[in-house]
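Reading the structure
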Amino acid sequence: LFILGADKIFVYVIKLHPNVMKTLKFYESLGKLEIEMMRHPRDLTSTNESKISQTQQNQNEMVSLNDCFYKHLFEFEFLLPIDIDELILPVRKSDKTWSDLMNREIEKRKKENLDLNSGYSVRNVFFLSDNIHEGEIQSEVPKNFKFLQTIYRAKNFSHKHTGEKSFQNTAKVLAMHNHNPLKCLHSDICDCHHFKTKHAQINHYRRDCENYPKHECEDFKKNTVEDKKLWRYKKEVIQNVKKALDGLTKFRICLLY
């Protein structure tokens, strides 16, 4: 994410394995990440967390998203809600970072004397491990680098407005949603720019797509194409991970949470 241009990452934690928490604390010690401990809102969840409905879980996430938004809206021009199994990649060779991708559209709006959009949305495409290429190993990259190893994606992108994520404009958004702005200032409708798939895409790494209609999920698994766009960053990713692992071996912390 830092290679792609993220200035800072904010992570909201309910419960984590100690090794994962130690990793987050290591990045926090470098000033690159902030951790916020949280609980599910009182009276909005079952005492048995396994019984929380997907709808209720999504609504609970809105609390952390908007807490993050209002804490940091004066620090950043755009905030991006993203899951840990997703990467937003610029597609054009001339665009290496999110800034390259965004600045092109922003300059275009300025030349036309138009205000910036409230959101800049990117379409979702699945890189499923449960597909016809399952088990294949790419010898050019380390075996334990899951994202780099998964080079086959669904030929077809998810439908527009399904699974997309957006860079949300802190000067125009009133309430965030985990996909697109939920509510905006001075307008009943949030105006979003939708990047074409030839300009940007969300690499969504999952084993399955069980939340999608069965016929659509089967299509994602069977009709695949090779996609190595992430490999343009592979040397930097591998080097950065090795540096982080070296740092973690020397990093000592007492976890009490």
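Residues numbered from 1 in each chain as written. Predicted model: local features only at pLDDT ≥ 70, side-chain atom pairs only at ≥ 80, totals over all residues. Heavy atoms only, no water.

It is worth spelling out unusual backbone geometry at this point. Phi at asparagine 113 takes a positive value of approximately 55°, unusual for a residue other than glycine. Mapped onto the fold, asparagine 113 is located in the loop between helix 3 (98-111) and strand 5 (119-122). The exposed category is assigned to asparagine 113, whose relative accessible area is 72%. Non-glycine residue histidine 186 carries a positive phi angle of around 60°. By secondary structure assignment, the location of histidine 186 is in the loop between strand 10 (183-184) and strand 11 (192-194). On the accessibility criterion, histidine 186 (83% relative accessible area) is exposed. (Helix = DSSP H or I, 4+ residues; strand = E, 2+ residues; numbered from the N terminus. Buried < 20%, exposed > 50% of the residue type's maximum accessible area, 1.4 Å probe, protein only.)

As a further point, take the pairing of strand 8 (residues 165-169). A large share of strand 8 lies buried, amounting to five of its five residues. Residues Lys165, Phe167 and Asn169 of strand 8 are buried on one face, and the alternating residues Ser166 and Gln168, pointing to the opposite face, are buried as well. Sheet topology note: the strand 5/strand 8 ladder contains four bridges and is antiparallel. Each residue of the ladder has a partner; that of valine 122, found in strand 8, is lysine 165. (Pairing = 2+ DSSP bridges.)

This part is about helix 5 (residues 214-222). Listing the buried residues of helix 5 in full gives Glu216, Cys217, Phe220 and Lys221. Across the axial projection of helix 5, the buried residues extend over an arc of 140°, all falling on one side. Opposite its buried face, helix 5 presents the exposed residues Lys214, His215 and Lys222, each directed more than 90 degrees away. Where helix 5 is buried, its residues touch strand 6 (124-128), strand 7 (152-154) and strand 13 (224-226). (Arc of directions from axis to C-beta. Contact = heavy atoms within 4.5 Å.)

It is worth spelling out empty space enclosed by the protein at this point. Scanning the model with the defined rule gives one cavity of 30 Å³ or more in all. If you trace the largest cavity, you find it lined by Phe127, Phe147, Leu148, Thr150, Ile151, Asn203, Tyr205, Asp227, Lys228, Leu230 and Trp231. Of all elements in the fold, only helix 4 (146-149) and strand 12 (200-206) reach the threshold of two or more residues within the lining of the largest cavity. Each residue belonging to the lining of the largest cavity can be placed in one class, and the counts come to seven nonpolar, two polar and two charged. (1 Å grid on protein atoms, 1.4 Å probe; cavity = no way out; pocket = protein on both sides within 12 Å on 5 of 7 lines; lining within 4 Å. Points joined across faces, edges and corners; volume = space filled by probe spheres on them. Nonpolar A, V, L, I, M, F, W, Y, C, P; charged D, E, K, R; others polar.)

Tallying each qualifying case throughout the model produces two disulfides. Shown here is the disulfide that connects cysteine 184 with cysteine 190, its sulfur atoms set 2.2 Å apart. Between cysteine 184 and cysteine 190 the disulfide shows an S-S torsion of about 120°. By sign, it is right-handed. Owing to a relative accessible area of 7%, cysteine 184 belongs among the buried residues under this scheme. A sulfur-sulfur separation of 2.0 Å characterises the disulfide bridge that pairs cysteine 209 with cysteine 217. (Disulfide = S-S within 2.5 Å.)

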